[in-house]
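Below, each chain spelled out in residue letters.
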Amino acid sequence: MMTGASPVLVPREDPVGKIIFAVVVVVFGLTFFVALMTLLAALFRGQTDRCRAILAETPYRALAVGVVGFAVLGGLGYFFCQRAFIHRLLETEIVMGPLVASIIVTVVLIGLVFIGAPGVFSAVGDRLEALHGREMTGLAKTSLGTLVASLAGFFPVIGWCFVIPALELFAFGAGVLAVVGKIRRTRVDSESVERENDDG
């Protein structure tokens, strides 16, 4: 008497389908990101120009501010996040105060990066324009710079460990310096207006 188990059919994975799906996701993500940076550059043209000028005149200062700012805000975010979740024996207690503080710090950090990012990509576009020797509009430089820098970030090791962190640090530093500079200019302008009113 012969007995045997019925064969189990294991569906084969389709590598071509996975590759096509990954390509579609990457293309869609790049298109969305380039469109987002171009839109931000168009809506906040003055801020983008200030960040680009900062990177052209004092790039190392922007990088230093980015490193220090990321270290401080990142450390604060991690500190508050650790205090927000108290692990007990069978449950985890959530403390709202530190949780809200960690969310605020994270939002500020990401917001400053997005303030400076269009200026960084526009500066990359300036370099590409100089290499190509063909004049481009400001939005075209932002779009091209975003696309080229994003593609460079996909390179293994170099892109992941150097290109992406450098872009984030420069963007954060330029964003901080641009915001601080705008606050100072607003204060100086208000003081000059008050002085003129007093003289009048």
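Since the structure is predicted, the reported quantities are computational estimates derived from the model, not experimental observations.

Caption draft 1: Looking closely at the environment of Gly 46. The residue Gly 46 is located in helix α2 (residues 45-57) in this model. Classification of Gly 46 by relative accessible area gives partly exposed; the value is 36%. In the structure, Gly 46 is positioned 132 residues away from Ala 178 in sequence and 9.9 Å away in space, judged by C-alpha atoms.

Caption draft 2: Broad picture of the packing of helix α3 (residues 59-84) against helix α4 (residues 96-132). Viewed as axis vectors pointing N to C, α3 and α4 meet at an angle of 155°, and their least axial separation amounts to 7 Å. By the angle between their axes, α3 is roughly antiparallel relative to α4. Relative to α4, the crossing made by α3 is left-handed. Contact residues: Phe 70, Leu 73, Gly 74, Leu 76, Gly 77, Phe 80, Cys 81, Arg 83 and Ala 84 in α3; Pro 98, Leu 99, Ala 101, Ser 102, Val 105, Val 108, Leu 109 and Val 113 in α4. Tallied by class, residues from the contact of α3 with α4 come to 13 nonpolar, 3 polar and 1 charged.

Caption draft 3: How the structure looks around a nonpolar patch on the surface. On the surface, a nonpolar cluster with roughly 440 Å² of combined accessible area is contributed by Val 26, Leu 144, Leu 147, Val 148, Leu 151 and Phe 154. Relative to the helices and strands, Leu 144 is located in helix α5 (residues 138-152).

Caption draft 4: Spatial organisation of the nonpolar core. By size, the foremost hydrophobic cluster in this structure holds 22 residues, and its most contacted members are Leu 55 and Phe 172. Contributions of two or more residues to this core are made by α1 (15-43), α2, α3, α4 and α6 (158-199). Looking at which element gives the most residues to this core, the answer is α4, with 8 residues. When neighbours within four sequence positions are excluded, Phe 172 is seen to be in contact with Val 65, Gly 66, Gly 69, Phe 70, Leu 73, Leu 109, Leu 112 and Val 113.

Cut-off values and rules
- Residues numbered from 1 in each chain as written.
- Predicted model: local features only at pLDDT ≥ 70, side-chain atom pairs only at ≥ 80, totals over all residues.
- Heavy atoms only, no water.
- Helix = DSSP H or I, 4+ residues; strand = E, 2+ residues; numbered from the N terminus.
- Buried < 20%, exposed > 50% of the residue type's maximum accessible area, 1.4 Å probe, protein only.
- Axes fitted to C-alpha atoms, helices over the stretch in contact; angles between N-to-C directions.
- Parallel < 35°, antiparallel > 145°, perpendicular 65-115°, else oblique.
- Left-handed = near helix turned anticlockwise from the far one by under 90°.
- Contact = heavy atoms within 4.5 Å.
- Nonpolar A, V, L, I, M, F, W, Y, C, P; charged D, E, K, R; others polar.
- Patch = residues over 30% accessible without salt bridge, like charges linked within 9 Å, V, L, I, M, F, W, Y side chains within 5 Å.
- Areas by Shrake-Rupley, 256 points an atom, 1.4 Å probe, with all protein chains shown as cover.
- Salt bridge = Lys/Arg side-chain N within 4 Å of Asp/Glu carboxyl O.
- Core = buried A, V, L, I, M, F, W, Y, C linked by side-chain atoms within 4.5 Å.

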